Amino acid sequence: MPAIYLLLLCDVVRRWGLDDQALIEGLGVDRASLLDGQRRVSLQICHTAACRAVALAGDRGLGLAYARALNVTLHGSVGMMALSSPSIGAALDAAARYVTLRAPFLAVSQSRESGRDGEVAVIHVRSLWDLGELDRFIMESMLVGLAHMAQQLLGAPLLGGQIWLTGEPPDYADTLTREMPVPLHYGSESCQLRVPAVLLAAAPRLADPTVAALAQEQCELEFRQLFASVQSVAERLRQLLANWPEGEPIPSLETTAERLHLSSRTLKRRLQEEGMNYRDITDGWLCERACALLEEPRLAVSEIAWRLGYNDVSNFSRAFRRWTGQTPRQWRGVR
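Quantities reported herein were computed from a predicted structural model and do not represent experimental measurements. (Residues numbered from 1 in each chain as written. Predicted model: local features only at pLDDT ≥ 70, side-chain atom pairs only at ≥ 80, totals over all residues. Heavy atoms only, no water.)

**Q** Sorry, what's going on with the overall build of the protein chain here?
**A** Within the protein chain, the secondary structure is distributed over 17 helices and 5 strands. For 335 residues, the compact-globule formula gives about 20 Å, and the C-alpha radius of gyration of the protein chain, at 22 Å, lands near that figure. If one aligns the C-alpha atoms of the protein chain with their principal axes, the spans along those axes are about 65 × 45 × 45 Å. In the protein chain, which comprises 335 residues, the proportion classed as buried is 48%. Taking the contacts inside the protein chain whose residues are at least 6 apart along the sequence as the reference set, 66% of them involve residues at least 24 apart. Put simply, the protein chain shows about 16,900 Å² of open surface, and 51% of that area lies on carbon and sulfur atoms. Counting 35 positive and 38 negative side-chain charges, the protein chain places the centres of these two groups 5 Å from one another. (Helix = DSSP H or I, 4+ residues; strand = E, 2+ residues; numbered from the N terminus. Rg over C-alpha atoms; globule rule 2.2 N^0.38 Å. Buried < 20%, exposed > 50% of the residue type's maximum accessible area, 1.4 Å probe, protein only. Contact = heavy atoms within 4.5 Å. Areas by Shrake-Rupley, 256 points an atom, 1.4 Å probe, with all protein chains shown as cover. Lys, Arg positive; Asp, Glu negative; His and termini not counted. Charge placed at Lys NZ, Arg CZ, Asp CG, Glu CD.)

**Q** What is the right way to look at the pattern of salt bridges in this model?
**A** Two side chains bearing opposite charge may form a pair once their charged atoms approach each other closely. On inspection of all chains with the given rule, the structure shows 10 salt bridges. With its nearest N and O atoms 2.9 Å apart, the salt bridge here joins E222 to R40. Here R40 lies in the loop between α3 (31-34) and α4 (43-57) and E222 lies in helix α10 (residues 209-227), a separation of 182 residues in the sequence. With relative accessibility at 16%, the residue E222 sits in the buried group. On the accessibility criterion, R40 (29% relative accessible area) is partly exposed. R194 serves as the salt-bridge partner of E113, at 2.8 Å between the closest nitrogen and oxygen. Taken together, the positions of E113 in strand β1 (residues 106-115) and R194 in strand β5 (residues 191-196) put the pair 81 residues apart, joining distant regions of the chain. Taking relative accessible area as the criterion, E113 reaches 32% and is therefore assigned partly exposed. If you follow the salt bridges from partner to partner, you end up with R279, D283 and R322 in one network. (Salt bridge = Lys/Arg side-chain N within 4 Å of Asp/Glu carboxyl O.)

**Q** Help me out: how do you make sense of the pairing of β1 in this one?
**A** On a regular strand, each side chain points to the face opposite its neighbour's, so the side chains alternate between the two faces of the sheet. The pairing of β1 with strand β2 (residues 118-127) spans 10 bridges and is classified as antiparallel. Its bridge partner lying in β2, Q110 is registered against I123. Hairpin geometry of β1 and β2 is characterised by an intervening segment of 2 residues between the two adjacent antiparallel strands. (Pairing = 2+ DSSP bridges.)

**Q** Sorry, what's going on with the environment of W323 here?
**A** Of note, W323 is situated in helix α16 (residues 313-324). Owing to a relative accessible area of 17%, W323 belongs among the buried residues under this scheme. Between the C-alpha atoms of W323 and E258, which are 65 residues apart in sequence, the distance is 27 Å. Beyond its immediate stretch of four places on either side in the chain, W323 contacts D283, L286, C287, A290, Y310 and F316.

If you want it as structure tokens, here you go:
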């Protein structure tokens, strides 16, 4: 992760009158090295420092304080892309698309719902790993940080916005949450930022297509430098599928290429070089997932079809027969 995030955590802890040096002691980093704008630190170092910070701060809402200190410019090229995006919606899309560059353990997606006062845009944040004792700190930081960023871009209050968080309300809920950009609600089944959809069409104060294009180019370069040599394209595709929201159809090749920061042509070529193709990988993943779900006798075939993104059970059954030579019920019957 960028070193600036760890430096900011130290500063927040210091403002509370706590020993910020205790966060990084013995981790092989110091304040001078964290000031390097190009420096990145390992997730293990960040995890250890964050655990120490949470333990040191106690139940005082460290995640909320950290989020309020996050200025959009601290996010580097991702922040610059958000600042210059043509709309708030485009800025949030950029944050979701490039969250891997800043928080590789999180996934961000969007959906729309009908509300009493009109359509609601829902930004979902979920963890890809078990965050353990850091779950509340990270989710509060991320969601309040997104709301704070949207408010900075607008230059106005985020009217009608809400944050939903899991777990019981903490002791600081009645005090600190009043200072947040939007109301916070605990006890939800998932973590979300909810805003009136109409707000997403608003343009940031510094919208600039030329700057946005340059920032995107920088994000793409950073992404390739960080991840291109770490995994094969096929592995990255399988990871994308494994983290794809339940109930949504498998992404198209074009959508997948965009998520992997490649052109469609490059994605097909890279897979071909690895001796694979997009259809075989997606079919293989769907088949593997379908078979695993069919092992659960309590799940109806219609429920399994929905979980895999099929709106029609017959379409799922035809696909499953193509993969295995049997219908889902036939396959389940011989098990």
